[in-house]
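# Descriptive analysis of the structure
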Amino acid sequence: MVNLKKTLLICSSPENGGVGDIFLSDAISGMEKSSLVRYTLGAQGGEEIGLWREFKTYRRRMAISRWPTVSSIALLRFNLFQRQKVLKEIEKIIVSEGVEKIWVVLSSLPLISLAERVLENIKIPVHVMVWDAPEAMFQNHALDKFSKSYLLSGFAFSLQNASRIAVISEGMQLDYKSKYGVDSVVIRHGVRVNESIQKSIPREGAIKIIFAGSLYAKKEWNALCRALRRREFKILDRKIELYFLGRFPRIGAKKIDDVNYLGAVSYERVSGIFSEMDMGYVPYWFLPRKSHVVRTSFPGKVSAYAAAGLPIFFHGPSYSSVAEFLKKYQLGVGCFSLEEEEIVEGLERAVDGFHSKLHETWKNEAKKAVEEELGIDSMLRRLNFFLSQADTSEAE
């Protein structure tokens with residue numbers, strides 16, 4: 001990392017090794033301990049002032065709910081009774097810590113609301129990072145129409161007044177350029193490549209396909225399992241072994257005996273499990289109401305599979321961010337339908353790739369994608385640009 005001005009990172013509170021925590025931990029890994037101070041806003045507590053990855057951290061607890069109506073009331077209470085207090089706390093921290101710049105991650109509804117006030121009232125550069133489109137958060141929290149409209153207005157103000165903007169995908173970048181007239185830099189979580197696990201694809205025996213992470217696209221998963229089960233988990237005379245790594249959903253997804261369930265494991269064990277697999281499964285919603293989400297988000301499992309040298313079996317809409325990425329980098333096979341015959345056809349193309357030189361292309365393209373887009377070096381290079389002065393020409 002380059003030497004940066006003293007920065008205040010404002011984000012939500014998880015410090016439990018989740019996706020957001022790992023992203024930020026890797027992002028600040030090269031920073032001097034005196035160059036950054038952190039302020040968290042969320043449900044998790046702990047002491048009011050403490051340490052996070054050896055960086056000084058201020059914590060503010062607040063009530064958060066995902067229940068319909070309750071979530072809107074909780075947001076209203078924050079806006080009426082807590083937001084101004086939080087703003088005053090931030091102003092005091094800026095003075096006491098000698099902060100010259102703010103980096104805010106809009107990873108929760110209160111943070112979207114808070115960011116607008118920060119940009120209105122604090123006269124130092126504010127750099128805004130977006131991981132998830134606010135529309136996705138609205139659906140997850142079942143917000144009422146008034147709250148949605150209010151937050152979208154504040155979100156637009158924050159983007160249009162930020163010194164710099166970082167987004168998670170090219171789809172989000174294009175969307176915000178069109179909607180708000182703003183430029184942004186794409187920053188995804190950068191993976192570290194373990195060369196020892198980039199094994200050669202086996203030419204015989206079972207083909208092992210793994211899903212890793214949290215399963216949200218349940219209808220797509222069910223369709224895949226149904227298609228495989230009706231063919232007795234054989235495609236072009238090759239046995240298919242399907243693995244699920246993570247906590248299986250309690251509702252919505254069908255749990256069948258033919259799948260190997262590995263449960264949740266430590267982050268350190270994942271690479272070893274990936275080394276025994278042949279392909280990674282990435283499902284995305286076909287639901288029309290999820291169309292904006294699949295256009296603008298980017299699942300971290302794509303990066304994880306690529307780093308492990310695993311070709312991807314993508315199962316989602318042709319207009320999604322992942323489908324567009326597969327046009328740029330030939331990382332695997334895309335299946336753009338829930339129809340059984342088309343799923344089988346996609347699996348046949350995948351199996352056929354293992355019988356040809358195509359798997360070498362997949363592996364080489366994965367390496368190229370990690371070097372150019374998905375790796376830790378690319379992430380840190382773009383982060384340097386994002387946090388640099390706004391007159392810097394462009395990211396490399």
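Above: the structure in question.
A brief structural summary. Quick caveat, the model's predicted, so the values are computed rather than measured. Residue indices follow the written sequence of each chain, beginning from 1 at its first position. Where local features are concerned, this predicted model is filtered to residues with pLDDT of at least 70; where side-chain atom pairs are given and counted, the filter is 80 or more; whole-chain, interface and lining totals use all residues. Hydrogens are left out, water is left out, and the side-chain values use all remaining heavy atoms of the structure.

Attention shifts here to the environment of isoleucine 168. Strands here are runs of E lasting at least two residues and helices are runs of H or I lasting at least four, both read from the DSSP assignment and numbered beginning at the N terminus. Structurally, isoleucine 168 is set in the loop between strand 7 (164-167) and helix 6 (170-180). In this analysis, two residues are considered to be in contact whenever any of their non-hydrogen atoms come within 4.5 Å of each other. Each residue touching isoleucine 168, except ones within four places of it in the same chain, is listed here: Val130, Trp131, Val186, Ile187, Arg188, Thr296, Ser297 and Phe298.

We now examine the pairing of strand 15 (residues 332-335). Pairing of strand 14 (residues 312-315) with strand 15 involves four bridges; the strand directions are parallel. Directly across from isoleucine 312, in strand 15, lies its bridge partner glycine 332. We call a crossover right-handed when, viewed with both strands directed away from the observer, the connection leading from the first strand over the helix to the second proceeds clockwise. Handedness of the crossover is the feature at issue here: the chain leaves strand 14, passes through helix 11 (residues 321-328), returns alongside strand 15, and the resulting connection is right-handed. Criterion used throughout: strands pair if DSSP finds at least two bridges between them.

Note on soluble globular proteins: their nonpolar side chains tend to be buried together. Definition of nonpolar core: a set of buried residues of the types Ala, Val, Leu, Ile, Met, Phe, Trp, Tyr and Cys, connected through side-chain atoms within 4.5 Å. The buried label goes to any residue with under 20% of its type's maximum accessible area, the exposed label to any with over 50%, and the partly exposed label to all in between, with areas taken from a 1.4 Å probe on protein chains only. One finds Leu8, Ile90, Trp103, Met129 and Tyr176 to be the most contacted residues of the largest nonpolar core, which totals 104 residues. Apart from the residues within four sequence positions on either side, isoleucine 90 is in contact with Leu8, Ile10, Tyr39, Leu114, Val118 and Ile122. If you look at the next biggest cluster of nonpolar residues, it comprises 31 residues, including Ala223, Cys225, Ala253 and Ile256.

This next bit is on the pattern of salt bridges. Salt bridge, as applied in this entry: a Lys or Arg side-chain nitrogen positioned within 4 Å of an Asp or Glu carboxyl oxygen. The full count for this structure, using the stated rule, is 19 salt bridges. In this structure, glutamate 170 engages arginine 188 in a salt bridge whose closest nitrogen and oxygen atoms are separated by 3.0 Å. Of the two residues, glutamate 170 is situated in helix 6 and arginine 188 in the loop between strand 8 (185-186) and strand 9 (207-212); the sequence distance between them amounts to 18 residues. Overlapping salt bridges, with partners in common, bring together Glu170, Arg188, Lys328, Glu373 and Arg382 in one network.

The geometry of helix 2 (residues 70-97) relative to helix 3 (residues 109-121) is characterised by a closest axis approach of 10 Å and an angle of 50° between their N-to-C directions. The angle between helix 2 and helix 3 places the two elements in the oblique class. In this structure, the crossing between helix 2 and helix 3 has a hand that is right-handed. The residues of helix 3 that touch helix 2, namely those facing Leu75, Phe78, Asn79, Arg83, Val86, Leu87, Ile90 and Glu91, are Leu109, Pro110, Ser113, Leu114, Arg117, Val118 and Asn121. Split into classes, the residues belonging to the contact of helix 2 with helix 3 amount to nine nonpolar, three polar and three charged. Axes, fitted as lines to C-alpha atoms, cover a helix only where it is in contact. Angles between the N-to-C directions of the axes lie from 0 to 180 degrees. For classification purposes, an angle smaller than 35 degrees is called roughly parallel, one larger than 145 roughly antiparallel, one from 65 to 115 roughly perpendicular, and anything else oblique. The crossing is said to be left-handed when, going from far helix to near helix, the turn is anticlockwise and less than a right angle, and right-handed when the turn is clockwise. In the scheme used here, Gly and all other residues not listed as nonpolar or charged are polar, with Ala, Val, Leu, Ile, Met, Phe, Trp, Tyr, Cys and Pro taken as nonpolar and Asp, Glu, Lys and Arg as charged.

This next bit is on the side chain of serine 378. Relative to the elements of secondary structure, serine 378 occurs in helix 14 (residues 376-387). We classify serine 378 as buried; its relative accessible area is 1%. If sequence neighbours within four positions are ignored, serine 378 has contacts with Glu371, Glu372 and Glu373.

This paragraph deals with the state of the cysteines. By definition, disulfides here are pairs of cysteine sulfur atoms that lie within 2.5 Å. Across all of its chains, the model carries zero disulfides by this definition. With no disulfide of its own, cysteine 225 has cysteine 335 as its nearest cysteine by sulfur position, at a separation of 13 Å.

In summary, the side chains of a regular strand alternate between the two faces of the sheet. Burial analysis of strand 2 (residues 36-42) places seven of its seven residues in the buried class, the great majority of the element. Residues Leu36, Arg38, Thr40 and Gly42 line one face of strand 2 and the alternating positions Val37, Tyr39 and Leu41 line the opposite face, and both faces are buried. The pairing of strand 1 (residues 7-11) with strand 2 spans five bridges and is parallel. Of the residues in strand 2, the one forming a bridge with leucine 8 is valine 37. The sheet contact formed by strand 2 and strand 4 (residues 55-61) spans five bridges and is parallel. Counterpart to glycine 42 in the pairing with strand 4 is arginine 61.

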